[in-house]
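Observations on the model geometry
Spelled out from the first residue to the last, the chains are:
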Amino acid sequence: MTLDMAQDQTPTRIADKPGDATVVARSDVVVVGGGPAGFAAAVAARREGASVTLIERYPYLGGLAAGGMVLVLDDMHNGQEVTTTGICTEMIDRMAAIGACVYPPPEERGQSWELFRKWARWGAFDFRAQSKPAPIVMAAAFDPDGWKRVSNDMITEAGVDVRLHSWFSRAVMDGNRIKGVICETKAGRQAILGDVIIDATGDLDVAAAAGSAFVHGSYILTTVFRLGGVDTETAERFRFEEPEKYAVLDRQAKRVMGGSWDLWWLKTPLPGIVWCNCPHMTGLDGLSVEDITKADFEGRKRIYALVDFIRANIPGFASCFVVDVAPQLGVRQTRLLEGDYVVTKDDVQDRVHFPDTVARGRDYYTPYRSMLPKAIEGMVVAGRHYSATESAQKMSREIPPCMSMGQSAGVAAALAVASNIAPRAVSPAAICAKVRAQGGDPGDRPSANAKIMENAA
Ligand SMILES: Cc1cc2nc3c(=O)[nH]c(=O)nc-3n(C[C@H](O)[C@H](O)[C@H](O)COP(=O)(O)OP(=O)(O)OC[C@H]3O[C@@H](n4cnc5c(N)ncnc54)[C@H](O)[C@@H]3O)c2cc1C
């Protein structure tokens, strides 16, 4: 170990040679990150016959969906049909079957005040619509522990080897080819080797460590929390029956918390428990230890100030209490891959359909090239850190599209292993065919309103 010293002899940098790592697992495909994208990738790869190890730093699967308590699956409906199917749909169906998920049935999707009153507080409205009331569309409100339970079941049934409590720290490289990963654990440094590595960390930890190019994006941070003891019926009645009074108090509540979307509380499948996608904080970096520490302290302060205000002032909240603040801070954007193709805001807005489309969101498409790191072999990237500009990512990073990407990444990795070729050499058409066989819609058949890009060059 060597120390760099400043002039006053305080150390500024320590050169620390990391020690050896014990090889604890070897599989065809290694997925790092057990959030929505990584979970879908692991299940999909295993279903294609590859042996799979899934690595997660936290003690549960789910990423922001479970640990971040982001409790609505949205951005999955193009106005006519549900577009993000496959493992995402399976997750919804299985959570619904155990009472952990609520969504509007097809006959209750549409535009009217009656429907809006019934479904808006479930988050099942088109949040991009300009019209009032916003149309009710397919979106699913779920319970975070329901997500964890179903994930555990699905991953076990698929036969994936899961390693929780394992924090990825370094890429094992052979030139520009990744051969495995090293994790820090309570049992020391551990190596997991594989033929294809999928980076689903959301922050591009693995690709960045492997030397991939990226841009450092940023967006608001949020300390999501849940309130219990809420009389949601009274609160909703107040909003619709005394709209002027509601507007004034709601505005004041938002001022107290200092940053939120319009509907700052939404219902969950648990009676009397709502989740609050707020308070938002700006100017903080989701990778900086100082900033994310500050966000936790500042967020909790604002949450308790809000609770004092709403208890005293807003009908339905008189007996409310904080159930929990999400264990994972709400980080939406940090590193973004600079891949073989960078998706732009225009691509998303214009619904550009690519010749190598392998995944989709609401009404936009994801090219396989945006999941491949330039100049690194043996790796596929899936999830919110995919190759997109900062503004494009803000519009295309909801949970369902991340799961769609994950499913395709898993299939691509398994195909690469089966044919002993590089992920880059896998044909997008082959990926789409397998995703379809798994029950997913990879977006290979463009909707009528898509803008077709003829050339992948
Ligand atoms: C506050 C907030 C509100 C949102 N609202 C919505 C919404 O209403 N609806 C919606 O659909 N989407 C919403 N989103 C977006 C959505 O939650 C994310 O974009 C989505 O979860 C991304 O999935 P992912 O799998 O790519 O990444 P993540 O969910 O971030 O999962 C990454 C996983 O990798 C793990 N990981 C990271 N680094 C390491 C490491 N070094 N070693 C091991 N494991 C690691 C993490 O612990 C995590 O499990 C919201 C996001 C935020 C932050």
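Our subject is the structure that appears above.
Residues numbered from 1 in each chain as written. Predicted model: local features only at pLDDT ≥ 70, side-chain atom pairs only at ≥ 80, totals over all residues.

The three strands lie next to each other as β17-β13-β19, forming an open sheet whose pairing is antiparallel. Either end of the sheet is taken by a strand with one partner, and the two such strands are β17 (280–281) and β19 (330–331). The pairing of strand β13 (residues 221–222) with β17 spans two bridges and is antiparallel. Each bridged residue has a counterpart across the sheet, and for Thr222 the counterpart in β17 is His280. (Pairing = 2+ DSSP bridges. Helix = DSSP H or I, 4+ residues; strand = E, 2+ residues; numbered from the N terminus.)

Their axes nearest at 7 Å, the elements helix α1 (residues 36–47) and helix α12 (residues 399–419) cross at an angle of 35°. As α1 packs across α12, the resulting crossing turns out to be right-handed. The residues of α12 that touch α1, namely those facing Pro36, Ala37, Gly38, Phe39, Ala40, Ala41, Ala42, Val43, Ala44 and Ala45, are Ile399, Cys402, Met403, Met405, Gly406, Gln407, Ala409, Gly410, Val411, Ala413 and Ala414. Class assignment of the residues belonging to the contact of α1 with α12 gives a composition of 17 nonpolar, four polar and no charged. (Axes fitted to C-alpha atoms, helices over the stretch in contact; angles between N-to-C directions. Left-handed = near helix turned anticlockwise from the far one by under 90°. Contact = placed C-beta atoms within 7 Å. Nonpolar A, V, L, I, M, F, W, Y, C, P; charged D, E, K, R; others polar.)

Time to look at the sheet that holds strand β5 (residues 72–73). An order of β5-β7-β6 is seen for the three strands of this open sheet, with the pairing classed as antiparallel. In the strand order of this sheet, the two ends are held by β5 and β6 (101–102), each with one partner. With two bridges connecting them, β5 and strand β7 (residues 140–142) associate as antiparallel partners. Paired with Leu73 across the bridge in β7 is Ala140.

Moving on: the site of the ligand. The environment of the ligand is formed by 39 residues, the closest being Gly33, Gly35, Gly63, Gly330 and Gly383. Among the secondary structure elements, those contributing two or more residues to the shell around the ligand are α1, α2 (63–66), β5, β9 (167–174), β19 and α12. Tallied by class, the residues present in the shell around the ligand amount to 17 nonpolar, twelve polar and ten charged. Here the shell around the ligand gathers at least three residues from each of two domains, domain 1 (19–72 + 141–219 + 334–457) and domain 2 (221–331). (Near = placed C-beta within 6 Å. Domains from an automatic or database assignment.)

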